[in-house]
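# Structural description and commentary
Residues per chain are reported as follows:
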Amino acid sequence: MEFREQFRPAVMLLVLLTLLTGLAYPLGFTGLAQLLFPAQANGSLITQQDRVVGSTLIGQPFDDPRYFWGRLSATAPSAYNAAASSGSNLGPLSDALLDAVKARRDALRAEDPTNHAPVPVDLVTASASGLDPHISPAAAQYQAPRVARVRGMPVVAVRALIDQYTAGRQFGILGEPRVRVLELNRALDGQARR
C-alpha cells in the first residue's frame, strides 16, 4: 500500500520537473538570449552580402600566403570542425607534436624566407579547443611582411590594419590582446577591391 501512495506523487513530480527544467527553463532563457543578445545567441556569425562567411567564435583555415594564418586546429576528422572541439592531447615530449610544430614552422619559413624573426608559438601550436579564431599581435606582426609583399601593399598599411583588428584585454585586465584573423583577412580583401 505504501508504494502506491508514493508512486503517484513521484511520477507527478518527475513530470513537473521535466517540464520545468527540460522545457520551460531552456525555452525561457533561449527567448531571453534572443531578445537581449541576438547576435551572440545565433553564433556571432559574420555575413557578407547575406551569406554567412564565418563566426567570430570559430577559427577558419587560411593557407593562402595572401592571408594571415590562424592557429592550428587539432579537431577531427577535419581541421576547424566546430562539431568536434578538441585539442591534440599531445604532451610536450611527444614526437608527433614536435613534428607538427616543425612542419608548421617550415611552412611559415618557406612562404617568407627573408623573415628570420623567431616564430611566435601560437602559429605553430593548436589551442585547447582547436578552434581559436584569434592570434597574438606578435603572430600577426610576424606575418605582416609576407602578406604585404604578396598583396603588393606597404607593410605600414598592413600593420595599421593589424592594429585596427586587435582587441585589447577584456575590461582592461582579463586575457591577452588578440587579433581577429577572419575580420582582418576580410579587411585585406576589402582593401584589394578598392
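Note: the structure precedes this text.
Here is a short report on the structure shown in this document. (Residues numbered from 1 in each chain as written. Predicted model: local features only at pLDDT ≥ 70, side-chain atom pairs only at ≥ 80, totals over all residues. Heavy atoms only, no water.)

### What to know about the side chain of Asp122
Basically, it comes down to this: To qualify as a helix, a DSSP run of H or I must reach at least 4 residues; to qualify as a strand, a run of E must reach at least 2; elements of each kind are numbered from the N terminus. To sort residues, take the accessible area from a 1.4 Å probe on protein chains only and compare it with the maximum for the residue type: under 20% means buried, over 50% means exposed, and anything in between is partly exposed. Positive charge is attributed to Lys and Arg, negative charge to Asp and Glu, and no charge count is given to His or to the chain ends. For this document, the term salt bridge refers to a Lys or Arg side-chain nitrogen within 4 Å of an Asp or Glu carboxyl oxygen. We call two residues in contact when some of their heavy atoms are within 4.5 Å.
One can find Asp122 in the loop between helix H3 (95-111) and strand S3 (134-135). Within the buried core, Asp122 has no salt-bridge partner, and the shortest N-O distance to an opposite charge, that of Arg71, equals 5.3 Å. Residue contacts for Asp122: discarding those within four places in its chain leaves Arg71, Ile135, Ser136 and Ala139.

### Thoughts on the sheet that holds S3
Cut-off, in case you're wondering: Any two strands are treated as partners once DSSP identifies two or more bridges connecting them.
In spatial order, the strands read S3-S5-S4; together these 3 strands make up an open sheet with antiparallel pairing. Of all strands in the sheet, those with a lone pairing partner are S3 and strand S4 (166-167), marking the two edges. Here S4 pairs with strand S5 (residues 178-180) via 2 bridges, running antiparallel. By the bridge assignment for S5, Ala167 is matched with Arg178.

### A short note on the pairing of strand S1 (residues 45-48)
By the bridge criterion, 4 bridges tie S1 to strand S2 (residues 51-55) in an arrangement that is antiparallel. Directly across from Ile46, in S2, lies its bridge partner Gly54. Taking the residues between adjacent antiparallel strands as the criterion, S1 and S2 are bridged by 2 residues, where Gln49 takes a positive phi near 55 degrees.

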